[in-house]
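Summary of structural features
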Amino acid sequence: MKIIIRNNSSEGSIWAAHYIARRIREKAAVSDKPFVIGLCTGSTPIETYAELIRMVEAGELSFKNVISFNMDEYVGLPVEHPESYHSFMHRYLFDHTDQPAENIHILDGNAKDLAAECEAYEKAIVEAGGFDLFLGGVGEDGHIAFNEPFSSLSSRTRVVTLTQDTREVNARFFDGDFNKVPKQALTVGVATVLSAKEVVILAFGSKKARAIKDAVEGPMSHYCTLSGLQNHPAGTIVCDENSISEVKVSSYRYFKAVEAAENL
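Residues numbered from 1 in each chain as written. Predicted model: local features only at pLDDT ≥ 70, side-chain atom pairs only at ≥ 80, totals over all residues. Heavy atoms only, no water.

So, the layout of surface pockets
So the rule is basically this: The way it works is a 1 Å grid over only the protein atoms, where trapped points that fit a 1.4 Å probe form a cavity and open points with protein on both sides within 12 Å along at least five of seven lines form a pocket, and then any residue with an atom within 4 Å of a point lines it. Grid points are joined across faces, edges and corners, and a volume is the space filled by probe spheres set on the points. To qualify as a helix, a DSSP run of H or I must reach at least 4 residues; to qualify as a strand, a run of E must reach at least 2; elements of each kind are numbered from the N terminus. Three categories are distinguished: nonpolar for Ala, Val, Leu, Ile, Met, Phe, Trp, Tyr, Cys and Pro, charged for Asp, Glu, Lys and Arg, and polar for the others, with Gly belonging to the last.
Space inside the largest pocket adds up to approximately 730 Å³. If you go around the largest pocket, you meet 30 residues; those closest to its centre are Val138, Gly139, Asn170, Arg172 and Lys208. Looking at the lining of the largest pocket, the elements with two or more residues in it are helix H1 (9–30), strand E4 (72–74) and helix H5 (164–170). By residue number, the principal contributor to the lining of the largest pocket is H5, which donates four residues. Within the lining of the largest pocket, the residues separate by chemical class into 11 nonpolar, 11 polar and eight charged. Taken as a whole, the second largest pocket spans an internal volume of roughly 150 Å³. Examining the composition of the lining of the second largest pocket, we find that four residues originate from one element, H1, more than from any other. The class makeup of the residues in the lining of the second largest pocket is six nonpolar, three polar and four charged.

This is how it looks when you write it as structure tokens:
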């Protein structure tokens, strides 16, 4: 595991965007196969998406040969609802890049057979060649995607019931009304995320500090599903000074020394 520490969320977001762009270019230089990326929603990745859009508009990057799969979607929320993850992704990324529509994959929370939708999603990921990189965020309790505490670390795409804490945190997107937040969602599993060749997790702000401490220094546990990244050969967490604040001083110094030595 690597930890990239920047002064603030803006610096961390831009670092992540440029890292993703570099990986896309590197694959394009040696292969005609598409770059397959996992994407997340929420407020955390917005600045990263904005920088990717800037690079596309400036001719520095292309999404023409990128296939994307999103982490999750609410169950029962209309696609056109402004807080559906379909709407979010088009608003903050897809409508501003040259990615072909047929290369965009988002779970259908209104599918007649939700289990079949989840099974088909896993199959589509495999058929695309598997993830080159998965970009994710982390919840205040250490969950990745909608893999709430006590989700199996071997879980795959499935229907999940959202905890009260998660719904309360997400209520800010629903006019602050907890009761408007859907009770269920479709989500990729922990194992789905960890199947990627690389995983990059964004974590900014003091509210994420406990989750980062548990994920980095605690045991690998289904209590903090991000901790599964400990067992990944190429996992990176991008933090700011606030989100890294609860790790030990020795841990902080170690990750800063590695970053400096590798000129990341």
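Some words on the sheet that holds strand E1 (residues 2–6)
The strands that make up a sheet are held in pairs by hydrogen bonds between backbone atoms, and each pair lies either parallel or antiparallel. As a reminder of what qualifies: For two strands to pair, DSSP has to find at least two bridges joining them.
A sheet is described by the order of its strands in space; here seven strands give the open sequence E1-E10-E9-E6-E2-E3-E5, paired in parallel fashion. Edge positions in the sheet fall to E1 and strand E5 (104–105), since each of these pairs with one other strand and no more. Where strand E6 (residues 133–137) and strand E9 (residues 198–203) come together, five bridges link them in parallel fashion. Considered in E9, the bridge of Leu135 is made with Val200.

Topic: the pairing of E9
The following threshold applies: Burial here depends on accessible area, computed with a 1.4 Å probe over protein chains only, as a share of the maximum for the residue type. Under 20% is buried, over 50% is exposed, and the range in between is partly exposed. A right-handed crossover is one whose linking path, passing over the helix from the first strand to the second, runs clockwise when the strands point away from the viewer.
Where burial is concerned, most of E9 is hidden: six out of the six residues are buried. Summarising the sheet, E9 and strand E10 (residues 235–240) pair through five bridges and their orientation is parallel. Within E10, the position partnered with Ala203 by the bridge is Cys239. A crossover links E9 with its parallel partner E10, the connecting element being helix H7 (residues 209–217), and its sense is right-handed.

Here's the deal with helix H3 (residues 85–92)
For an α-helix, 3.6 residues make a turn, and residues three or four places apart therefore share a direction. Spelled out, the test is: Two residues qualify as a contact provided that any one of their heavy atoms is within 4.5 Å of a heavy atom in the partner residue.
If you check which residues of H3 are buried, you get Tyr85, His86, Ser87, Phe88 and Met89. Buried positions along H3 lie against strand E2 (35–39), helix H2 (46–57), strand E3 (66–70), E4 and H5.

Concerning empty space enclosed by the protein
The tally for this structure, following the rule as stated, stands at one cavity of 30 Å³ or more. As a volume, the largest cavity reaches approximately 70 Å³. Surrounding the largest cavity, Gly42, Tyr74, Pro82, Glu83, Ser84, Tyr85, Phe88, Arg91, Phe173 and Phe174 form its lining. Take the lining of the largest cavity: its biggest share by element is three residues, from H3. Its residues assigned to classes, the lining of the largest cavity shows six nonpolar, two polar and two charged.

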